[in-house]
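Per-entry structural report
As a plain string of letters, each chain reads:
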Amino acid sequence: MTGLKTFLDSLLEAGVTRGDVPGVAAMATSGAETLYQGAFGERELGGGVAMGLDSVIAIASMTKAVTATAAMQLVEKGKLELDAPASDLVPYLGEVGVLEGFDGAGQPVTRAPKTAITLRKLLTHTAGFGYEIWNQEILDFQAATGSPSTRTRTLASLKTPLLFDPGTKWNYGVNIDWAGQMVEAVSGQRLGAYMQDNIFSPLGMASSGFRAGLEMKARHATVHLRGDDGRLTVPKSDASMPTSDIDTGGGGLLSSIEDYGKFIRMFLNKGACDGDQILRPETVAMMSVNQMGDCRVEPMLTTTAALSNDVEFFPGVEKAWGLSFMINLGTAPTGRSTGSLAWAGLTNAYYWIDPAQDVAGVYATQIFPFADTLSLSLFLDFETAVYNNLS
């Protein structure tokens with residue numbers, strides 16, 4: 001893999017040199033070994049501190065797969081059920097209505113949903129929830145009711161209405177935050193504490209958690225902003241370090257490329273890691289196939305250009321959803337096999353897991369808006385190069 005390392009080092013370093021990204025860290029792995037790892041640029045533009053594989057990054061929605069892993073461990077133990085009413089554990093999930101519009105006074109009009117919210121629907125983003133970043137209806141609801149943004153990572157911010165009856169379509173939203181609340185309800189622990197005991201510690205993920213101590217803060221990479229002129233700037237205050245009243249299962253974890261590489265490798269190994277079985281092989285298999293029937297992933301059209309561009313991965317390739325993963329139903333242009341698993345984080349962090357070819361990769365920059373043209377292109381070039389060099 002010497003040739004792969006030389007090529008990928010050159011590719012990522014060129015992205016930094018061009019000014020496409022301030023700093024980048026990436027890793028590719030098989031089930032047995034690390035195929036590539038490298039980091040280039042700075043943790044903060046102009047700061048003079050090198051980006052590293054151990055740099056602590058806000059992984060945003062890459063948190064979702066970790067929360068789903070926690071939930072599925074509890075399914076294995078019989079403490080959670082995929083198809084039981086979620087309201088049995090989290091009462092709000094039995095009270096929430098479907099938003100039908102707004103009355104003459106501008107207040108939301110809702111009705112009772114025709115079907116129940118379940119853990120399966122939460123993990124597949126078919127429960128009916130949304131994010132204001134891609135759903136104007138949620139923005140309108142927040143404005144009408146004075147509800148906080150989901151970016152505040154508070155329990156109150158998750159209490160948005162449904163946009164459709166559970167199970168009838170796919171829409172990306174706070175679904176897995178609620179799955180995290182279900183984990184807490186049956187485990188008796190905060191979500192982060194549960195993850196530490198049952199995922200991070202067994203996997204050796206020493207730089208992962210919802211809160212950073214002094215040592216992790218010292219390695220923290222800053223989230224940058226891409227302006228309309230294409231230039232990257234450092235914001236006056238960095239909002240990427242979580243300060244939430246809850247552990248938000250849909251986003252909020254801090255981690256590193258080193259750590260997340262261990263997490264995705266575990267899926268290539270059917271749930272195993274160094275003699276520990278984090279998940280049973282049959283559970284990994286269940287998580288890795290379409291779990292939402294005829295529903296399909298739809299383009300995510302931005303309402304908040306400062307935070308996200310419009311998002312559609314691999315246009316023209318049908319995509320379904322497993323128990324927390326996007327699944328491409330055709331071969332991707334990068335070489336990613338049909339049936340591979342993937343997702344991303346709002347800060348322009350991305351990963352994929354390809355069991356068919358025994359390869360997975362993770363890549364991170366720290367940039368808003370999401371689906372940044374230059375960072376996403378660099379990631380796709382990285383992935384393509386990995387496939388082109390598989391023996």
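Each remark here, short or long, concerns the structure printed above.
What comes next is a walk through the structure. The shown structure was predicted, so the numbers you read here are calculated from the model rather than taken from an experiment.

Okay, the overall build of the protein next. What the protein contains, in helices and strands, is 11 helices and 16 strands. Each principal axis of the C-alpha atoms in the protein carries an extent, and together these give about 60 × 50 × 45 Å. For the protein, the residues scored as buried account for 58% of the 391 residues in total. For the protein, restricting intrachain contacts to residue pairs at least 6 apart in sequence, the fraction spanning at least 24 positions comes to 68%. If you average the places of the 28 positive and of the 42 negative side-chain charges in the protein, the two averages end up 2 Å apart.

Residue position: D259 is located in helix 9 (residues 257–268). At a separation of 3.3 Å, a polar atom in the side chain of D259 contacts the main-chain amide nitrogen of A206. Not counting residues up to four positions away in its chain, the partners in contact with D259 are G204, M205, A206, S207 and S208.

This next bit is on the packing of aromatic side chains. Applying the stated criterion across every chain, the model contains 26 aromatic pairs. Seen from their ring centres, F313 and Y350 are 6.2 Å apart, and the 85° between their planes marks the pair as edge-to-face. Of this pair, F313 sits in the loop between helix 10 (281–287) and strand 11 (319–321) while Y350 is found in strand 14 (residues 349–354), placing the two residues 37 residues apart along the sequence. The exposure class of F313 is buried, given its relative accessible area of 12%.

For helix 7 (residues 191–203), with 13 residues, the first-to-last C-alpha span of 17 Å sits near the 18 Å given by 1.5 Å per residue. Along helix 7, the helix axis deviates most sharply at D197, where the bend reaches about 40°. Restricting attention to buried positions, one finds in helix 7 the residues L191, G192, Y194, M195, N198, I199, F200 and L203. Where helix 7 is buried, its residues touch helix 2 (63–76), helix 6 (175–187), helix 9 and strand 9 (272–273). Of the residues one or two after helix 7, G204 is the one with positive phi, at around 75°.

We now examine the sheet that holds strand 1 (residues 23–29). The seven strands lie next to each other as 2-1-15-14-13-12-11, forming an open sheet whose pairing is antiparallel. Across the chains shown, the open sheet's two edge strands, defined by having one partner strand only, are strand 2 (34–41) and strand 11. Taken pair by pair, the neighbouring strands of this sheet meet at an average axis angle of 15°, ignoring direction. Direction of pairing for strand 11 relative to strand 12 (residues 326–328): antiparallel, over a ladder of three bridges. Looking at the pairing, K319 lines up with N328 of strand 12. Contacts from helix 1 (residues 2–17) reach strand 1, strand 2 and strand 15 (359–364), with the element oriented near 25° to strand 2.

Taken together, the four bridges between strand 4 (residues 98–102) and strand 5 (residues 108–111) define a ladder with antiparallel strand orientation. Bridge pairing links V98 to R111 in strand 5. Here strand 4 folds back onto strand 5, and the loop between the two strands holds five residues, one of which, G106, carries a positive phi near 85°.

Counting through the fold element by element, A305 comes out in the loop between helix 10 and strand 11. Taking the C-alpha atoms as reference, A305 lies 9.0 Å from F370; in sequence the two are 65 residues apart.

The final tally for this structure, using the stated rule, is two cavities of 30 Å³ or more. By residue number, the principal contributor to the lining of the largest cavity is strand 13 (residues 341–345), which donates three residues. Considering only residue class, the lining of the largest cavity consists of nine nonpolar, no polar and one charged. Taken as a whole, the second largest cavity encloses approximately 50 Å³ of empty space. Lining of the second largest cavity is provided by V297, E298, P299, M300, V311, E312, F313, K319, M326 and W343. In terms of residue class, the lining of the second largest cavity is built from seven nonpolar, no polar and three charged.

Moving on, we get to the nonpolar core. F129, Y260, F263, F313, Y351 and F382 are the most contacted members of the largest nonpolar core, which has 120 residues in total. Apart from the residues lying within four places of it in its own chain, the contact partners of F263 are A65, V66, T69, I199, L203 and M205. With five residues, the next largest nonpolar core counts V56, A58, M216 and L254 among its residues.

In this section: the pattern of salt bridges. Considering all chains together, one arrives at 11 salt bridges under this definition. In this structure, the salt-bridge partner of E100 is R111, at a minimum N-O distance of 3.0 Å. Of the two residues, E100 sits in strand 4 while R111 sits in strand 5, which places them 11 residues apart along the sequence. We classify R111 as partly exposed; its relative accessible area is 26%. Through salt bridges with shared partners, one network takes in E100, R111 and D165.

Conventions adopted
Residues numbered from 1 in each chain as written. Predicted model: local features only at pLDDT ≥ 70, side-chain atom pairs only at ≥ 80, totals over all residues. Heavy atoms only, no water. Helix = DSSP H or I, 4+ residues; strand = E, 2+ residues; numbered from the N terminus. Buried < 20%, exposed > 50% of the residue type's maximum accessible area, 1.4 Å probe, protein only. Contact = heavy atoms within 4.5 Å. Lys, Arg positive; Asp, Glu negative; His and termini not counted. Charge placed at Lys NZ, Arg CZ, Asp CG, Glu CD. Polar contact = N/O pair within 3.5 Å; in protein donor to acceptor, adjacent residues only side chain to side chain. Phe/Tyr/Trp six-rings, centres within 6.5 Å; stacked < 30°, edge-to-face > 60°. Expected span 1.5 Å × (residues − 1). Bend = angle between axes of the 7 residues up to and from the residue. Pairing = 2+ DSSP bridges. Axes fitted to C-alpha atoms, helices over the stretch in contact; angles between N-to-C directions. 1 Å grid on protein atoms, 1.4 Å probe; cavity = no way out; pocket = protein on both sides within 12 Å on 5 of 7 lines; lining within 4 Å. Points joined across faces, edges and corners; volume = space filled by probe spheres on them. Nonpolar A, V, L, I, M, F, W, Y, C, P; charged D, E, K, R; others polar. Core = buried A, V, L, I, M, F, W, Y, C linked by side-chain atoms within 4.5 Å. Salt bridge = Lys/Arg side-chain N within 4 Å of Asp/Glu carboxyl O.

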